[in-house]
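Here are the chains, one letter per residue:
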Amino acid sequence: MDTKSLVKLAKSLSDPNRLRMLQEIARAQRLGCANLYEFVPISQPSMSQHVKALVDAGLVHSCKEGRNMYLTINMEKLQELESFLQLLKMP
């Protein structure tokens, strides 16, 4: 994982709302953006910005179906992050 990607990823994880959103997407495996308001009661523009940050960081995939946007966890990106963290543990 390159430094630029890691910084973007860390910034996206530094917000409590985005962390909560990520947890709920992971729990549901596939979650509509409209359903996120149940867990993170913020305005629609704020929600859009948070979702964009998660997508831009590569943590989630978005898929538009009709008028609805659905989010899923990007398991490959999580694996990259896990691998990076494991390298920090090595002497």
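Given the structure is predicted, the values throughout are model-derived calculations rather than measurements.

Caption draft 1: Inspection of helix α1 (residues 3-13) at higher detail. Leu6, Leu9 and Ser12 are the residues of α1 that are buried. All buried residues of α1 project into a common sector of 130° when viewed along the axis, lining one side. For α1, exposure combined with an orientation more than 90 degrees from the buried face picks out Thr3, Lys4 and Lys11. With a side-chain oxygen lying 3.1 Å from the backbone nitrogen of Lys4, the N-terminal cap of α1 falls on Asp2.

Caption draft 2: Summary view of the pattern of salt bridges. This structure, assessed with the given rule, holds 5 salt bridges. Between Arg20 and Glu24 there is a salt bridge, with its nearest N and O atoms 3.0 Å apart. Taken together, the residues Arg20 and Glu24, both in helix α2 (residues 16-28) and 4 residues apart, mark about one turn of the helix. Owing to a relative accessible area of 5%, Glu24 belongs among the buried residues under this scheme. A salt bridge links Asp56 to Lys52, with the nearest nitrogen and oxygen atoms 2.6 Å apart. Within this pair, Asp56 and its partner Lys52 are both found in helix α4 (residues 44-56), separated by 4 residues, close to a single helical turn. It is possible to trace a salt-bridge network through shared partners that takes in Arg20, Glu24 and Arg27.

Caption draft 3: Layout of the UniProt feature "domain: HTH arsR-type" (unreviewed entry) in the chain. Per the UniProt entry, the sites bearing "domain: HTH arsR-type" (unreviewed entry) are residues 1-91 in this numbering. As annotated, residues 1-91 comprises 62% helix and 15% strand, and the C-alpha atoms at either end are separated by 19 Å.

Rules used throughout
- Residues numbered from 1 in each chain as written.
- Predicted model: local features only at pLDDT ≥ 70, side-chain atom pairs only at ≥ 80, totals over all residues.
- Heavy atoms only, no water.
- Buried < 20%, exposed > 50% of the residue type's maximum accessible area, 1.4 Å probe, protein only.
- Helix = DSSP H or I, 4+ residues; strand = E, 2+ residues; numbered from the N terminus.
- Arc of directions from axis to C-beta.
- Polar contact = N/O pair within 3.5 Å; in protein donor to acceptor, adjacent residues only side chain to side chain.
- Salt bridge = Lys/Arg side-chain N within 4 Å of Asp/Glu carboxyl O.
- UniProt positions renumbered as here; feature names shortened; annotations may be inferred.

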